[in-house]
Amino acid sequence: MADTIRFDDKVVVVTGAGNGLGRTYALQLAQRGAKVVVNDLGGSTDGKGDDRSAASRVVEEIRAAGGEATANFDSVATQAGGANIIKTALDAYGRVDAVIANAGILRDRSFSKLSQEELDIILDVHLRGTMFTVQPAFNWMRENGGGNIVMTASPSGLFGAFGQANYCAAKLGIVGMMRVMAIEGAKAGIKVNALAPTAATRLTATAGMSGEATEPKTPEEDPMSTGRVSPLVLALAHQSCPASGEIFNAGCGWISRAVVAVNEGVLLDDFSPEGVAAQWDAIRDPSRLTVPVDATDYWRMIQAKTGATG
Ligand code: NAI
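Residues numbered from 1 in each chain as written. Predicted model: local features only at pLDDT ≥ 70, side-chain atom pairs only at ≥ 80, totals over all residues.

A look at the overall build of the protein
Part 1 of the argument: The secondary structure content of the protein amounts to 11 helices and 8 strands.
Part 2 of the argument: Seen along its three principal axes, the alpha-carbon backbone of the protein occupies a region of about 70 × 45 × 40 Å.
Part 3 of the argument: For the protein, buried positions account for 42% of its 310 residues.
Part 4 of the argument: Taking as baseline every contact in the protein between residues at least 6 positions apart, the subset at least 24 positions apart corresponds to 67%. (Helix = DSSP H or I, 4+ residues; strand = E, 2+ residues; numbered from the N terminus. Buried ≥ 20, exposed ≤ 12 C-beta atoms within 10 Å, placed from the backbone. Contact = placed C-beta atoms within 7 Å.)

Structure below.
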């Protein structure tokens, strides 16, 4: 039996915690002893408007259950907003042990019709919003013994989905940022991972999947419950998490790791496009994959294959 995962004396910031997945993370973190900063702008699923009641309600729920929480209503999509979210944690509790960057919206449009505005708002909330919130926490953690950061990617971002070019670009951008932060934060004890969740929320309802019921269902009642994703997120946000720089999927209770891998490939001896065309099958063959640790490791793989010294 694994040790009990507790967050006593720990301070965790959850962005977009007024609804859906973030709300479940915040409630469960508080149940396990964390002091939680519940951030939510309270807008619509396409990022319009704001409403303080979303974050306030979750803070009230946590307090009613005997937990500790503070609301923050800033948008993650500005640098000042992100900085203020982390300042809320430091002002209220004096530290920040984990950040779950979860806030998100959708503006789906097929690629041929995608407008700059639809690209910008998605990059602002997801990619820039993650950077704006996480960077001040990362810098605090660097000076104060480390911490855990969970960034939110998406199966769409990893695998592709019709009508979500803007969203996928942002989500895979978050994965790239996460890889670098894990490398740069390692010495300071900062662990950074990405989650690709699948659960019924108001956001999935807009994308044509099943949506959240008025009262979110328990993991026992509903396979699409946010409670089947949250166990992984709490484990990633805890100091005992063994992983950093990795991507995890969680949906309906199936937890898995997604990797960016390299196949066996071929060694060209005919340095022409025809030389490539002659070997398409082997070049594309996805069996026998290797997962490079980072770009330096990949360079070592090139050297080992080719004898190049560079
Ligand atoms: P949700 O709509 O239930 O919750 C997202 C929350 O983020 C909302 O409460 C919203 O007010 C808040 N938010 C939006 N923009 C914000 C901003 N600028 N600043 C602060 N708060 C803001 O959606 P859900 O499904 O819980 O999504 C959570 C995260 O998981 C998002 O990043 C989403 O892209 C991601 N995700 C969810 C999937 C799912 O199956 N539910 C699938 C893949 C990714």
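Here's the deal with the confidence of the model for the protein
Parts of the prediction with low pLDDT should not have their coordinates interpreted in detail.
Part 1 of the argument: Put simply, the protein has an average pLDDT of 96, and 97% of its residues get 70 or more.
Part 2 of the argument: Scoring the predicted complex yields pTM 0.97 and, for the interface, ipTM 0.99. (pLDDT = per-residue confidence, 0-100.)

Observations concerning the site of the ligand
Part 1 of the argument: Among the 33 residues in the neighbourhood of the ligand, the closest are listed as Gly-16, Gly-20, Gly-104, Thr-201 and Leu-203.
Part 2 of the argument: Of all the secondary structure elements, the ones that give two or more residues to the shell around the ligand are helix H1 (20-31), helix H4 (116-143), strand S6 (190-198) and helix H7 (202-206).
Part 3 of the argument: By residue class, the composition of the shell around the ligand is 11 nonpolar, 20 polar and 2 charged. (Near = placed C-beta within 6 Å. Nonpolar A, V, L, I, M, F, W, Y, C, P; charged D, E, K, R; others polar.)

Describing the environment of Val-12
Part 1 of the argument: When you line up the elements, Val-12 lands in strand S1 (residues 11-14).
Part 2 of the argument: Residue Val-12 is classed as buried on the basis of its 30 C-beta neighbours within 10 Å.
Part 3 of the argument: Measuring from C-alpha to C-alpha, the distance between Val-12 and Ala-69 comes to 9.5 Å, with 57 residues separating the pair along the chain.
Part 4 of the argument: Other than its neighbours up to four places away in sequence, Val-12 contacts Phe-7, Leu-29, Ala-34, Val-36, Asp-97, Ala-98, Ile-100 and Ala-237.

What about H1?
Part 1 of the argument: The end-to-end C-alpha separation of H1 is 17 Å, in line with the 16 Å expected for 12 residues at 1.5 Å each.
Part 2 of the argument: Burial within H1 is extensive, with 10 of its 12 residues counted as buried.
Part 3 of the argument: Those residues of H1 lying buried are Gly-20, Leu-21, Gly-22, Arg-23, Thr-24, Tyr-25, Ala-26, Leu-27, Leu-29 and Ala-30.
Part 4 of the argument: Note on H1: the residue one or two positions beyond its end, Gly-33, has a positive phi of about 100°. (Expected span 1.5 Å × (residues − 1).)

Here we look at the packing of H4 against helix H6 (residues 165-185)
Part 1 of the argument: Running from amino to carboxyl end, H4 crosses H6 at an angle of 15°, the nearest separation of the two axes being 8 Å. Judged on the interaxial angle alone, H6 and H4 are roughly parallel. Note on packing geometry: the crossing formed by H4 with H6 is right-handed. Between H4 and H6, the residues in contact are Glu-118, Leu-119, Ile-122, Leu-123, His-126, Leu-127, Thr-130, Met-131, Phe-138 and Arg-142 and Asn-166, Tyr-167, Ala-170, Lys-171, Gly-173, Ile-174, Met-177, Met-181 and Gly-185, respectively.
Part 2 of the argument: Its residues placed into classes, the contact of H4 with H6 shows 11 nonpolar, 5 polar and 3 charged. (Axes fitted to C-alpha atoms, helices over the stretch in contact; angles between N-to-C directions. Parallel < 35°, antiparallel > 145°, perpendicular 65-115°, else oblique. Left-handed = near helix turned anticlockwise from the far one by under 90°.)

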